[in-house]
Amino acid sequence: MKVPLESAVPLTALAPMQDVTDVCFMSTIAEYGSPDYFFTEYFRVHPDSGVDKYILRSITENTTGRPVFAQMIGEHIPDLVRIARLLMQYPIAGIDLNMGCPAPRVYRKNVGGGLLKDPDKIDRILGELRAAVDGKLTVKMRVGFEDTSQFDRVLDLIDRHDIDLLSLHGRTVKQMYHGSVDYDLIAHAVQRLRCPVLANGNVSSAASAMEVLSQTHAAGVMVGRAAIRNPWIFRQIREAVAGKEVSIVRLAQVRDYIDRLHQMQLDKSVPEKSRVSHLKMYLNFIGQSVDAAGVFLRDMRKAQTEAELFGVCDRELLDRAGGIFAPEPYVGLFARPSCEG
Ligand SMILES: Cc1cc2nc3c(=O)[nH]c(=O)nc-3n(C[C@H](O)[C@H](O)[C@H](O)COP(=O)(O)O)c2cc1C
């Protein structure tokens, strides 16, 4: 698939999210208005690794009509080259290297965000990958590991190795998901690099995408968690960019989205308890925009069965079907996907 990374209009991408952005979620997102690009969850690369078959389905069964980049995480150069060559046999938009994952169990192995501690290693990895990948080679990273002292050095390596696109999350690895996103550092990267930059981190609505684009002059935005909450966001960003009125989403439409998410995982061999907790992961994000008092979030977290869960969805979404799904999360409501009460 041809991938023009230069564009007159700002680009949009769905951020890769492990255990979320699988083939089913990508096709669900596409129904509400595709981003320009998708990225797979990361393929783990180490001496014994092959190509993960489940993640590969996001490439081989991609029905979104949009290109998908294959993301790798690893540090062992011969294996990164080996897996990149294997992945290039599939219809991918390019190879993306993860240099941002902040999970301590990941960065302690010097992969993901851990690579940012060692610019010399980045230099070697990008050099070898650039020589091996004849299509697009892209990087997704944060602005530093503990601080931003190496930021310019890493940016210069991105430039030197002719990286085709940089997705930049404006936080350090140690910040994880806390604190503010430094959009000025993203603007700095846009200035310093020849390749397009996608601004990433806390893009929460079409309005916030417009603000981030104007502050950073980035080539586009990459959206993660907000797209789980609001899959209409890419269409809304396109509307805002075109100067059109941004479409309003009603609670009844959100109820349909939840059905769609449920259909995605209708494998009856999965125990009900697991199906409920999987759906709750998405509802944690969605619930931030349903009601200001957080009643939906509170009650859905208590639900134990599918019947209880859908009872809450029907009551909170269909009884107020014409109500507006807030474009931004309500103040004080947070997704806690892994710790429902
Ligand atoms: C559940 C989850 C899983 C993630 N998995 C990945 C991943 O596999 N690869 C990656 O580069 N980033 C991963 N990220 C980081 C996101 O791609 C993104 O950089 C981050 O969430 C900030 O963007 P947002 O504020 O729009 O969510 C993950 C984030 C979340 C919340």
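Residues numbered from 1 in each chain as written. Predicted model: local features only at pLDDT ≥ 70, side-chain atom pairs only at ≥ 80, totals over all residues. Heavy atoms only, no water.

A.B. asks: I tried to follow the overall build of the protein chain on my own but got confused; where do I start?
C.D. replies: Along the protein chain, the regular secondary structure elements total 14 helices and nine strands. Each principal axis of the C-alpha distribution contributes one length, and for the protein chain these read about 60 × 45 × 35 Å. Going through the 341 residues of the protein chain one by one, you find that 56% of them count as buried. The contacts of the protein chain with a sequence gap of at least 6 include a subset with a gap of at least 24, amounting to 73%. Within the structure as shown, the protein chain displays about 14600 Å² of accessible surface, and the carbon and sulfur contribution to it stands at 51%. Here the protein chain contributes 41 positively and 42 negatively charged side chains, and the mean placements of these two sets differ by 2 Å. (Helix = DSSP H or I, 4+ residues; strand = E, 2+ residues; numbered from the N terminus. Buried < 20%, exposed > 50% of the residue type's maximum accessible area, 1.4 Å probe, protein only. Contact = heavy atoms within 4.5 Å. Areas by Shrake-Rupley, 256 points an atom, 1.4 Å probe, with all protein chains shown as cover. Lys, Arg positive; Asp, Glu negative; His and termini not counted. Charge placed at Lys NZ, Arg CZ, Asp CG, Glu CD.)

A.B. asks: Help me understand the nonpolar core in this model?
C.D. replies: In globular proteins that are soluble, nonpolar side chains generally tend to be buried together. With 102 residues, the main nonpolar core has Phe25, Leu87, Met141, Ile158, Leu166, Ile258 and Ile286 as its most contacted residues. At seven residues, helix 12 (residues 272-286) tops the list of elements feeding residues into this core. Ignoring any residue separated from it by four or fewer positions in sequence, one finds Ile158 in contact with Leu126, Val139, Met141, Ile163, Leu166, Leu193 and Cys195. Counting residues in each nonpolar core, the second largest holds 11 residues, with Ala13, Phe39, Ala93 and Leu198 among its members. (Core = buried A, V, L, I, M, F, W, Y, C linked by side-chain atoms within 4.5 Å.)

A.B. asks: Looking at this model, I keep getting lost on the site of the ligand. Mind explaining?
C.D. replies: Around the ligand, a shell composed of 16 residues is seen, among which Pro16, Gln18, Asn200, Asn202 and Arg225 lie nearest. Within the contact set of the ligand, a nitrogen atom lies 2.8 Å away from a backbone nitrogen or oxygen of Gln18. Here a nitrogen atom of the ligand sits 2.8 Å away from a polar atom, N or O, in the side chain of Gln71. Relative to its free-state accessible area of 610 Å², the ligand is covered by the protein chains to the extent of 87%. Of the residues belonging to the shell around the ligand, the class tally is six nonpolar, eight polar and two charged. (Near = heavy atom within 4 Å. Polar contact = N/O pair within 3.5 Å; in protein donor to acceptor, adjacent residues only side chain to side chain. Nonpolar A, V, L, I, M, F, W, Y, C, P; charged D, E, K, R; others polar.)

A.B. asks: For this particular structure, what's the right way to read helix 12?
C.D. replies: Structural remark: α-helix, 3.6 residues per turn; residues separated by three or four positions point the same way. Its 15 residues place the ends of helix 12 21 Å apart at the C-alpha level, agreeing with the 21 Å of an ideal helix rising 1.5 Å per residue. Roughly 25° is the biggest bend found in helix 12, and it falls at Lys280. Taken together, the buried residues of helix 12 touch helix 1 (23-33), helix 9 (225-229), helix 11 (251-264), helix 13 (295-302) and helix 14 (306-318). (Expected span 1.5 Å × (residues − 1). Bend = angle between axes of the 7 residues up to and from the residue.)

A.B. asks: It is not clear to me how the pairing of strand 1 (residues 11-14) should be interpreted in this structure. Could you clarify?
C.D. replies: Consecutive side chains along a regular strand alternate between the two faces of the sheet. Burial of the side chains of strand 1 extends over both faces: Leu11 and Ala13 are buried on one face and Thr12 and Leu14 on the other. Judged from the four bridges that link them, strand 1 and strand 9 (residues 220-223) form a sheet pairing that is parallel. Note that in strand 9 the partner of Leu11 across the bridge is Gly220. (Pairing = 2+ DSSP bridges.)

A.B. asks: Help me understand the UniProt feature "binding site: FMN" (unreviewed entry) in the protein chain in this model?
C.D. replies: The UniProt feature table records "binding site: FMN" (unreviewed entry) at Gln71, Lys140, His169, Gly224 and Arg225. With respect to the secondary-structure elements, Lys140 resides in strand 6 (residues 136-142). What Lys140 contacts, discounting residues up to four positions off in sequence, is Pro16, Gln71, Asp96, Leu97, Asn98, Met99, Gly100, Ser167, Asn200 and Met222. Along the chain, the position of Gly224 falls in the loop between strand 9 and helix 9. Not counting residues within four places of it along the chain, the set of residues in contact with Gly224 comprises Ala15 and Met17. (UniProt positions renumbered as here; feature names shortened; annotations may be inferred.)

A.B. asks: Can you walk me through unusual backbone geometry in this structure?
C.D. replies: Negative phi values dominate among residues other than glycine, just as trans dominates among peptide bonds. With a phi close to 65°, Asp19 is a non-glycine residue in the positive phi region. Of note, Asp19 is situated in the loop between strand 1 and helix 1. Residue classification places Asp19 among the exposed positions, given a relative accessible area of 57%. The backbone phi angle of Asn110 is positive, close to 60°, even though this residue is not glycine. Along the chain, Asn110 turns up in the loop between helix 4 (104-107) and helix 5 (119-132). Judged by relative accessible area, Asn110 falls into the partly exposed class, the value being 38%.

A.B. asks: Would you mind going over the packing of aromatic side chains with me for this structure?
C.D. replies: A ring pair, where both rings are aromatic, is described by two values, the distance of the centres and the angle of the planes. Inspection of every chain in the model, using the stated rule, returns seven aromatic pairs. Pairing Tyr32 with Tyr257 gives two aromatic rings, centres 5.5 Å apart and planes at 80°, and the pair type is edge-to-face. With Tyr32 in helix 1 and Tyr257 in helix 11, this pair connects stretches of sequence that are 225 residues apart. Take Tyr32 and Tyr257: they sit in the same class, and that class is buried. With a centroid separation of 5.0 Å and 85° between ring planes, the pair formed by Tyr107 and Phe145 is classed as edge-to-face. One end of the pair, Tyr107, is in helix 4; the other, Phe145, is in the loop between strand 6 and helix 6 (151-160), and 38 residues separate them in sequence. In textbook terms, an aromatic cluster arises when at least three aromatic residues are bridged by ring pairs, as seen for Tyr32, Trp232 and Tyr257. (Phe/Tyr/Trp six-rings, centres within 6.5 Å; stacked < 30°, edge-to-face > 60°.)

A.B. asks: Can you help me understand the environment of Val81 in this one?
C.D. replies: Within the secondary structure, Val81 sits in helix 3 (residues 77-87). When the C-alpha positions of Val81 and Leu166 are compared, they lie 19 Å apart, and in sequence the two are 85 residues distant. Excluding anything up to four places from it in sequence, Val81 contacts Glu128, Leu129 and Ala132.

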